[in-house]
Amino acid sequence: MGHPVLRARARPLDRGEIRTPAIQKLIDDMIETMEEYHGVGLAAPQVHESVRIFIAGFEEDADGDGETTIVPVPFINPEIASLGSEKVADWEGCLSIPDIRGQVPRHRRIRVRALDRDARPVDLQLEDFSARVVQHENDHLDGVLFFDRMTSFESLTFMEEFSKYWRD
Ligand code: NI
């Protein structure tokens, strides 16, 4: 936080550019960084690249045994629309704002249209935690940080205090 790139509006990519080795490598590096820091999402401006790409980590139970893994899904040039007017407040953190959490109201259900890493269109409906992650990451592409979306700073807390006082 404090680097101007985090407050800039990132530029869209055309389909040809998405397939270039430079962008493919950026996507691979972002996935690696997200996993290294145990994040559930990462946007390109967070690694100082001002382009409209983010990775969202979606929880999946591939073999149905109740054990989930985080699957990293790249979104390029995303467009987000809310489905319904319902908003819910829940905890968020951000790799660019280390060690701090706060409660942020977000739309409960959204539709997201974007391109995947092969420049093919994707169109998804998401709700709850996945919808929250996508709204948080999409904000990064417009220079918006989760603080900006908080309606009160009363819940703002350091991780240590979060563990002590706020975790159920
Ligand atoms: Ni973030």
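Residues numbered from 1 in each chain as written. Predicted model: local features only at pLDDT ≥ 70, side-chain atom pairs only at ≥ 80, totals over all residues. Heavy atoms only, no water.

(A) Spotlight on helix α2 (residues 21-36). The terminal C-alpha atoms of α2, which comprises 16 residues, lie 22 Å apart, in line with the 22 Å expected from a rise of 1.5 Å per residue. Buried within α2 we find Ile23, Gln24, Leu26, Ile27, Met30, Ile31 and Met34. Buried residues of α2 fall within an arc of 155 degrees about the axis and therefore sit on the same side. In α2, the exposed positions that point more than 90 degrees away from the buried face belong to Pro21, Ala22, Glu32 and Glu36. Turning to α2, the residues buried within the fold contact α1 (15-18), β1 (41-43), β2 (53-60) and β3 (69-82). Downstream of α2 by one or two residues, His38 has phi in the positive range, about 55 degrees. (Helix = DSSP H or I, 4+ residues; strand = E, 2+ residues; numbered from the N terminus. Expected span 1.5 Å × (residues − 1). Buried < 20%, exposed > 50% of the residue type's maximum accessible area, 1.4 Å probe, protein only. Arc of directions from axis to C-beta. Contact = heavy atoms within 4.5 Å.)

(B) Seen up close, the coordination of the nickel ion. Protein coordination at the nickel ion comes from Cys94 (SG), His136 (NE2) and His140 (NE2), with a distance range of 2.1 to 2.2 Å. One chain supplies every donor to the nickel ion, and in sequence these donors are spaced C-x41-H-x3-H. Remark: His140 occurs in helix α3 (residues 128-140) and Cys94 occurs in strand β4 (residues 87-94); sequence separation between them is 46 residues. As far as burial versus exposure is concerned, Cys94 and His140 are alike and both buried. (Donors = N, O, S within 2.8 Å, 3.2 Å for Na, K, Ca; no water.)

(C) Layout of the nonpolar core. Counting 16 residues, the largest nonpolar core has Leu13, Ile27, Met30, Ile53 and Ile76 as the members making the most contacts within it. Sort the elements by how many residues they give to this core and α2 lands first, with six residues. Residues in contact with Ile76, not counting those within four places in the same chain, are Leu13, Ile18, Ile27, Arg52, Ile53, Ala114, Leu115, Asp116 and Arg117. Counting 13 residues, the second-largest nonpolar core is a separate cluster that includes Ala43, Phe54, Val112 and Val133. (Core = buried A, V, L, I, M, F, W, Y, C linked by side-chain atoms within 4.5 Å.)

(D) Expanded view of the pairing of β4. Where β4 and strand β5 (residues 97-107) come together, seven bridges link them in antiparallel fashion. Looking at the pairing, Asp90 lines up with Val104 of β5. If you look at the hairpin formed by β4 and β5, you'll find two residues sitting between the two strands. (Pairing = 2+ DSSP bridges.)

(E) Examining the sheet that holds β5 more closely. If you trace the three strands from one edge of the open sheet to the other, you get β4-β5-β8, paired in antiparallel fashion. Both edges of this open sheet fall to β4 and β8 (157-158), since each of them pairs with a single strand only. Most of the contacts of α3 go to β4, to which it runs at about 60 degrees, and overall it touches β4 and β5. (Axes fitted to C-alpha atoms, helices over the stretch in contact; angles between N-to-C directions.)

Just distances and angles here, no functional claims.
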